[in-house]
Amino acid sequence: MNAAVIFNPNSGRGRAGAIAHTVALSLSKRGVECDLRATRRPKEAIVLAEHSAPHVDVVVAIGGDGTINEVTNGMARARDKAGPGVRQPMLGIVPAGTVNVLSLELGIPFQVERACAVIAAGKTMSLDQGNVNGRRFMLMMGAGIDALTVRNVDPAAKRRYREMAFVTTGMKLGFTHKHPAFVVVANGEEYLATFMVAGNSRWYAGRFGVTPMADPTDGVLDLVLYTGLDRAGLAGFWLGVPSGLHLRAKKVLYLHATKAEIRPISNDEPIWYQTDGEVAGRLPAHLEVEPHAIEVLIP
Ligand SMILES: [Mg+2]
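**A look at the nonpolar core**
(1) Moving on: With 80 residues, the main nonpolar core has Val5, Ile6, Val23, Val59, Val60, Ile62 and Met196 as its most contacted residues.
(2) Moving on: Per-element accounting of this core gives the leading share, six residues, to strand E16 (residues 285-297).
(3) Moving on: Excluding its chain neighbours within four sequence positions, the residues that come into contact with Val23 are Val5, Val60, Ile62, Val94, Val112 and Cys116.

**Focus: the environment of Thr258**
(1) Moving on: Topologically, Thr258 is positioned in the loop between strand E12 (252-257) and strand E13 (259-264).
(2) Moving on: Residue classification places Thr258 among the partly exposed residues on the basis of 15 C-beta atoms within 10 Å.
(3) Moving on: Between the alpha carbons of Thr258 and Val289 there is a distance of 5.5 Å; along the sequence they are 31 residues apart.
(4) Moving on: Discounting chain neighbours no more than four positions away, the residues touching Thr258 are Gly219, Val220, Glu288 and Val289.

**Here's the deal with the sheet that holds strand E14 (residues 272-275)**
Through backbone hydrogen bonds, the strands of a sheet pair up, either in parallel or in antiparallel fashion.
(1) Moving on: Taken in spatial order, the six strands line up as E12-E11-E10-E7-E14-E15 in an open sheet, and their pairing is antiparallel. Each of the sheet's edge strands pairs with one partner strand only, and the pair in question is E12 and strand E15 (278-282). Strand-to-strand twist of the sheet, defined as the mean angle between neighbouring strand axes without regard to direction, takes the value 20 degrees.
(2) Moving on: Where E14 and E15 come together, four bridges link them in antiparallel fashion. Considered in E15, the bridge of Tyr273 is made with Gly281.

**A short note on the packing of helix H3 (residues 44-52) against helix H4 (residues 65-82)**
(1) Moving on: Orientation of H3 relative to H4, taken along the N-to-C sense of each, is 40 degrees, at an axis distance of 7 Å. Judged by the angle between their axes, H3 and H4 are oblique. Considering only the axes of H3 and H4, their crossing is right-handed. The residues of H4 that touch H3, namely those facing Ala45, Ile46, Val47, Leu48, Ala49 and Glu50, are Thr67, Glu70, Val71, Asn73, Gly74, Met75, Arg77 and Ala78.
(2) Moving on: Here the residues of the contact of H3 with H4 are counted per class, giving eight nonpolar, three polar and three charged.

**What to know about helix H2 (residues 16-29)**
(1) Moving on: Taking 1.5 Å as the rise per residue, H2 with 14 residues should run 20 Å; its terminal C-alpha atoms sit 20 Å apart, in good agreement.
(2) Moving on: Three or more residues of H2 are buried, namely Ala16, Ile19, Ala20, Val23, Ser26 and Leu27. Around the axis of H2, the buried residues are gathered within 135 degrees of arc, so they sit on the same side.
(3) Moving on: Count one or two residues on from H2 and you reach Gly31, which has phi positive near 85 degrees.

**Remarks on the packing of H2 against helix H6 (residues 112-121)**
(1) Moving on: Relative orientation of the contacting elements H2 and H6 amounts to 45 degrees, with a least axis distance of 9 Å. One finds that H2 runs oblique with respect to H6. In this structure, H2 crosses over H6, and the sense of that crossing is right-handed. Seen from H2, the contacting residues are Ile19, Thr22, Val23, Ser26 and Leu27; seen from H6, they are Val112, Glu113, Cys116, Ile119 and Ala120.
(2) Moving on: Tallied by class, the residues present in the contact of H2 with H6 amount to seven nonpolar, two polar and one charged.

**Considering the confidence of the model for the protein chain**
(1) Moving on: Here the protein chain shows a mean pLDDT of 87. Residues at 70 or above account for 87%.
(2) Moving on: Here helix H8 (residues 155-161) is the element of the protein chain with the lowest mean pLDDT, 53, and H3 is the one with the highest, 98.

**Brief notes about the environment of Val220**
(1) Moving on: Note that Val220 resides in the loop between strand E10 (195-199) and strand E11 (221-226).
(2) Moving on: The spatial distance from the C-alpha of Val220 to the C-alpha of Gly130 is 9.1 Å, given a sequence separation of 90 residues.
(3) Moving on: Among residues more than four places away in sequence, those in contact with Val220 are His256, Ala257, Thr258 and Val289.

**Focus on H3**
(1) Moving on: Those residues of H3 that fall on the buried side of the exposure criterion are Ala45, Ile46, Leu48, Ala49, Glu50 and Ser52.
(2) Moving on: Packed against the buried residues of H3 are strand E1 (2-7), strand E2 (33-38), strand E3 (58-63) and H4.

Reading the values: the criteria
- Residues numbered from 1 in each chain as written.
- Predicted model: local features only at pLDDT ≥ 70, side-chain atom pairs only at ≥ 80, totals over all residues.
- Core = buried A, V, L, I, M, F, W, Y, C linked by C-beta atoms within 7 Å.
- Buried ≥ 20, exposed ≤ 12 C-beta atoms within 10 Å, placed from the backbone.
- Helix = DSSP H or I, 4+ residues; strand = E, 2+ residues; numbered from the N terminus.
- Contact = placed C-beta atoms within 7 Å.
- Pairing = 2+ DSSP bridges.
- Axes fitted to C-alpha atoms, helices over the stretch in contact; angles between N-to-C directions.
- Parallel < 35°, antiparallel > 145°, perpendicular 65-115°, else oblique.
- Left-handed = near helix turned anticlockwise from the far one by under 90°.
- Nonpolar A, V, L, I, M, F, W, Y, C, P; charged D, E, K, R; others polar.
- Expected span 1.5 Å × (residues − 1).
- Arc of directions from axis to C-beta.
- pLDDT = per-residue confidence, 0-100.

As structure tokens, this is what we get:
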């Protein structure tokens with residue numbers, strides 16, 4: 001087995017570089033030939049993964065959800081280029097970021113040696129990938145206040161308080177910002193929303209499940225739409241997220257869909273969307289799921 005090991009040296013408060021060398025040693029001890037690839041600028045993990053994918057059995061991502069998002073986007077690009085039927089590498093994960101939601105979901109060990117043992121053991125699970133305007137996501141995409149929240153979370157607060165930072169920022173913005181409505185077309189129905197999340201995974205930011213029933217292996221996305229137009233209601237929605245009560249709030253819809261079209265009502269104000277916690281673009285957007293798109297090494 002051979003692997004490309006991709007890491008951002010600045011990830012995990014600068015620990016990822018040291019972890020990468022431990023990973024290389026640990027994997028080669030277990031018979032996996034490793035090629036270390038450090039990123040030098042933002043988004044470079046996408047390119048490194050795309051270029052490595054055709055030549056390796058495993059692409060290993062060292063880092064948090066941001067790094068995994070980039071690596072899996074690169075793997076998807078390689079898959080697009082290769083066309084159907086061409087065998088694709090597996091994804092190995094060594095958690096080392098600030099936020100490691102996917103690793104939590106999959107039960108990947110947070111201890112480096114144990115994460116390497118999982119990779120070398122070769123057991124996989126086939127996961128769906130979300131795709132919004134060509135940008136892939138493993139966890140979720142969100143439009144409206146959700147993307148604004150991600151844009152506005154102070155990085156220091158994110159490190160210190162993790163998921164709480166998202167909720168408090170979401171509540172604050174719920175009160176202080178105007179929320180332009182947009183249209184979501186899914187399953188032949190048209191909905192008006194001021195906020196939506198499409199979850200591939202149960203988890204959203206840390207332990208909070210905005211889409212608590214989402215299953216990344218069932219070939220559908222779980223959509224939560226907030227259809228209210230008032231600010232207090234939106235802040236209340238966020239207040240309910242830690243306890244799961246948001247799903248019982250008024251003006252909240254929970255749907256399953258394989259695809260959706262999301263478009264602004266007017267072009268006066270940009271409406272942003274995020275993927276896996278990073279702002280990725282602005283509406284309109286075509287959203288779809290790619291069932292069983294990626295084989296991930298799991299315990
Ligand atoms: Mg699903």
